[in-house]
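Each chain, letter by letter, is given below.
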Amino acid sequence: MSRLGNLGARLYRGEVGYDFVGKRKLWYGISILITITAIVGLAVRGLNMGIEFSGGAVFTTPHSKVSATDARHAAEEAASGHTVVVQELGRGGLRIQISEVDTKEAAPVQEKLAKELGVKANKIDTQLVGPSWGEQIAGKAWQGLAIFMVLVVIYLAIAFEWRMALAALIALIHDLTITVGVYALVGFEVTPGTVIGLLTILGYSLYDTVVVFDGLKEASKDLTKQTRFTYSEIANRSLNSTLVRSINTTIVALLPVGALLFIGGGLLGAGMLNDISLSLFVGLAAGAYSSIFIATPLVADLKERDPQMKALAKRVRAKRAAAAKAEAGTAPAGEDDEPDLEDAAAATGVVVQRRQAATRNRGRGRPSGKRR
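As the structure is a computational prediction, the values presented were derived from the model and not from experiment.

Rules of the game
Residues numbered from 1 in each chain as written. Predicted model: local features only at pLDDT ≥ 70, side-chain atom pairs only at ≥ 80, totals over all residues. Heavy atoms only, no water. Core = buried A, V, L, I, M, F, W, Y, C linked by side-chain atoms within 4.5 Å. Buried < 20%, exposed > 50% of the residue type's maximum accessible area, 1.4 Å probe, protein only. Helix = DSSP H or I, 4+ residues; strand = E, 2+ residues; numbered from the N terminus. Contact = heavy atoms within 4.5 Å. Salt bridge = Lys/Arg side-chain N within 4 Å of Asp/Glu carboxyl O. pLDDT = per-residue confidence, 0-100. Axes fitted to C-alpha atoms, helices over the stretch in contact; angles between N-to-C directions. Parallel < 35°, antiparallel > 145°, perpendicular 65-115°, else oblique. Left-handed = near helix turned anticlockwise from the far one by under 90°. Nonpolar A, V, L, I, M, F, W, Y, C, P; charged D, E, K, R; others polar. Phe/Tyr/Trp six-rings, centres within 6.5 Å; stacked < 30°, edge-to-face > 60°. Lys NZ or Arg CZ within 6 Å of the ring centre and 35° of its normal. Pairing = 2+ DSSP bridges. Polar contact = N/O pair within 3.5 Å; in protein donor to acceptor, adjacent residues only side chain to side chain.

Undergrad: How should the nonpolar core be read in this particular structure?
TA: Side chains of a nonpolar character, in soluble globular proteins, are inclined to be buried together. Membership of the largest hydrophobic core comes to 47 residues, with the highest contact counts inside it found for Leu156, Phe213 and Tyr231. The set of elements that each furnish at least two residues to this core consists of α2 (24–45), α6 (131–159), α7 (162–186), α8 (192–219), α9 (231–241), α10 (243–267), α11 (274–303) and α12 (307–329). Looking at this core, the element that brings in the most residues is α11, giving eleven residues. Non-local contacts of Phe213, meaning those with residues more than four positions away in its chain, are made with Phe160, Met164, Ala167, Ala168, Ala295, Thr296 and Val299.

Undergrad: What's the story with the pattern of salt bridges in this structure? I'm lost.
TA: A pair can form between side chains of opposite charge whenever their charged atoms are brought close. Under the counting rule described, the total for this entry stands at eight salt bridges. The partner of Arg163 in a salt bridge is Glu161, and the shortest N-O contact between them spans 2.8 Å. Taken together, the shared-partner salt bridges connect Glu161, Arg163, Lys303 and Asp306 into one network.

Undergrad: What is the right way to read the confidence of the model for the protein from this model?
TA: A low pLDDT score tells you not to read the predicted coordinates there in detail. Averaged over all residues, the pLDDT of the protein is 77; the fraction at 70 or higher stands at 80%. In the model of the protein, helix α13 (residues 337–364) stands out as the element of lowest mean pLDDT, 44, in contrast to α2, which has the highest, 91. Here residues 331–356 is a poorly scored stretch, pLDDT under 50, and it has one contact once near neighbours within four places are set aside; other chains count. Note that residues 365–372 has pLDDT below 50 and, in this model, zero contacts with residues that lie over four places away or in other chains.

Undergrad: Please clarify how the packing of α8 against α11 should be interpreted in this entry.
TA: The relative placement of two packed helices comes down to the angle between their axes together with the axis-to-axis distance. The contact between α8 and α11 brings their axes to 8 Å, and the two run at 25°. As summarised for this structure, α8 and α11 are arranged roughly parallel, according to the angle between their axes. Seen from above, α8 lies across α11 with right-handed handedness. Partitioned by chemical class, the residues of the contact of α8 with α11 number 13 nonpolar, twelve polar and two charged.

Undergrad: Explain the packing of aromatic side chains to me, please; I cannot follow it from the model alone.
TA: Two numbers describe a pair of aromatic rings. These are the distance of the centres and the angle of the planes. What the rule picks out here adds up to six aromatic pairs. Ring centres of Tyr18 and Phe20 lie 5.0 Å apart, and the angle between their planes is 65°; this geometry places the pair in the edge-to-face category. Relative accessible area serves as the criterion here: at 6%, Phe20 is assigned to the buried category. Put simply, the rings of Tyr18, Phe20, Trp27, Tyr289 and Phe293 pair up and form one aromatic cluster. Positioned above the aromatic ring of Phe229, the side-chain terminus of Arg237 is 4.8 Å from the ring centre.

Undergrad: Got a minute to help me understand the environment of Leu198 in this structure?
TA: With respect to the element layout, Leu198 can be found in helix α8. If near-sequence neighbours (up to four positions away) are discounted, Leu198 is found in contact with Leu176, Thr179 and Ser279.

Undergrad: Explain the side chain of Gln97 to me, please; I cannot follow it from the model alone.
TA: Considering the arrangement of structural elements, one finds Gln97 in strand β4 (residues 94–99). Each residue touching Gln97, except ones within four places of it in the same chain, is listed here: Ile51, Ala57, Val58, Thr83, Val84, Val85, Gln87 and Glu189.

Undergrad: Any chance you could explain the sheet that holds strand β3 (residues 84–88) here in plain terms?
TA: Strand pairing in a sheet takes place through backbone hydrogen bonds and is either antiparallel or parallel in direction. Read from one edge of the open sheet, four strands run β3-β4-β2-β5, paired in antiparallel fashion. For this open sheet the edge positions go to β3 and β5 (125–129), each flanked by a neighbour on one side alone. Averaged over all adjacent pairs, the angle separating strand axes in this sheet is 15°, with direction ignored. Strands β3 and β4 of the sheet are contacted by helix α4 (residues 68–78), whose axis makes an angle of about 150° with β3. The strands touched by helix α5 (residues 103–117) within the sheet are β2 (56–61), β4 and β5, with β2 carrying the most contacts at an inclination of about 30°.

Undergrad: When you look at the pairing of β2 in this model, what are you seeing that I'm missing?
TA: Among the six residues in β2, five count as buried, and that is most of the element. Across six bridges, the pairing between β2 and β4 is antiparallel. Looking at the pairing, Ala57 lines up with Ile98 of β4.

Undergrad: How do you make sense of the environment of Asp306 when you look at a structure like this?
TA: Its location among the elements puts Asp306 in the loop between α11 and α12. The exposure class of Asp306 is buried, given its relative accessible area of 18%. Within the structure, the side chain of Asp306 is placed 3.0 Å from the backbone nitrogen of Gln308, a separation counted as a polar contact.

Undergrad: Can you help me understand the side chain of Ser232 in this one?
TA: Topologically, Ser232 is positioned in helix α9. For Ser232, a relative accessible area of 12% corresponds to the buried category. Only 2.8 Å separates the side chain of Ser232 from the side chain of Glu304, close enough to count as a polar contact. Apart from the residues lying within four places of it in its own chain, the contact partners of Ser232 are Val21, Arg24, Ala300 and Glu304.

Undergrad: Whenever I open this one, the packing of α2 against α11 confuses me. Can you help?
TA: Contact geometry for α2 and α11: axes closest at 10 Å, N-to-C directions at 125°. Classified by the angle their axes make, α2 and α11 are oblique. The handedness of the crossing between α2 and α11 comes out as left-handed. Residues Arg24, Trp27, Tyr28, Ile30 and Ser31 of α2 touch α11, and the partners they reach there are Tyr289, Phe293, Ile294, Pro297, Leu298 and Asp301. When its residues are assigned to classes, the contact of α2 with α11 shows eight nonpolar, one polar and two charged.

And the structure:
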């Protein structure tokens with residue numbers, strides 16, 4: 001068995017473990033700091049909304065010797081005052097996005113681009129996206145997200161309990177906030193692919209959280225009938241038992257997404273992959289973090305407020321204190337040492353007397369006429 005597999009088996013059996021739940025205040029502080037940074041980035045820089053949401057025109061050119069940088073400068077001159085995004089396509093083509101360009105402005109811009117890029121105007125494919133259509137898409141996305149959240153809360157409240165449903169909802173909002181904040185800080189364009197990526201990572205984060213909650217539900221059955229562990233300790237043991245599985249699943253999921261983001265979008269220049277790969281990469285990492293460091297500690301925090309769990313924790317502490325007191329009493333000191341010394345002296349005297357008697361008996365049984 002590999003070292004990681006051996007560690008996973010020991011974590012599952014409870015032989016080793018890390019106190020995630022006990023250090024929950026530290027994880028809460030880190031999450032609050034990251035969330036504040038994301039919100040500040042979103043408020044200061046805002047999101048770079050694609051033309052699918054803001055409206056505009058997309059010009060797709062055939063093979064051209066003009067670089068993407070020169071094409072961006074040419075597009076900015078052709079459509080002064082509008083945001084321009086240029087992406088390289090296969091076979092030397094270019095995809096030029098110009099925001100907030102209407103039908104009347106599209107034709108003159110197309111003519112200028114054809115002149116600057118050295119291609120025929122009829123070879124440039126033009127697509128127009130109205131702002132009303134973008135608003136409709138954005139509204140549908142928010143509506144779908146809200147329905148998803150409501151269904152998640154209802155399912156978890158039925159399958160587990162309301163505390164777990166609340167913790168999972170907070171973890172999902174935590175993941176969404178971080179992902180959106182990273183988009184604002186990096187400046188990547190927000191497209192329908194980004195929305196798809198966000199919904200995908202929410203499902204993945206929820207799956208990881210449900211796996212931990214299911215183990216916690218099984219481990220906490222009839223918990224109040226014993227006095228060995230508190231609810232927080234059981235929650236921490238359940239979390240440690242699924243820790244290696246969560247890490248392995250996250251790494252396996254991040255490898256292909258990282259290849260899309262860093263190799264496909266970065267090295268190879270396929271910028272169209274960035275919108276979905278960045279949301280997946282950040283969301284998967286944030287989801288794994290929230291499942292381990294936020295969701296389960298938060299459930300334990302909420303559960304420990306229950307009167308039954310408070311009484312259980314009190315009984316556990318009392319039993320441990322009694323056990324510690326009894327263990328300390330097994331090593332007597334002070335006055336208790338004196339009887340032990342007296343008993344030892346008496347036992348020593350008995351042994352000496354027995355040895356003296358045995359010596360006298362041997363002397364009497366020896367013949368008197370023989371001497372050495």
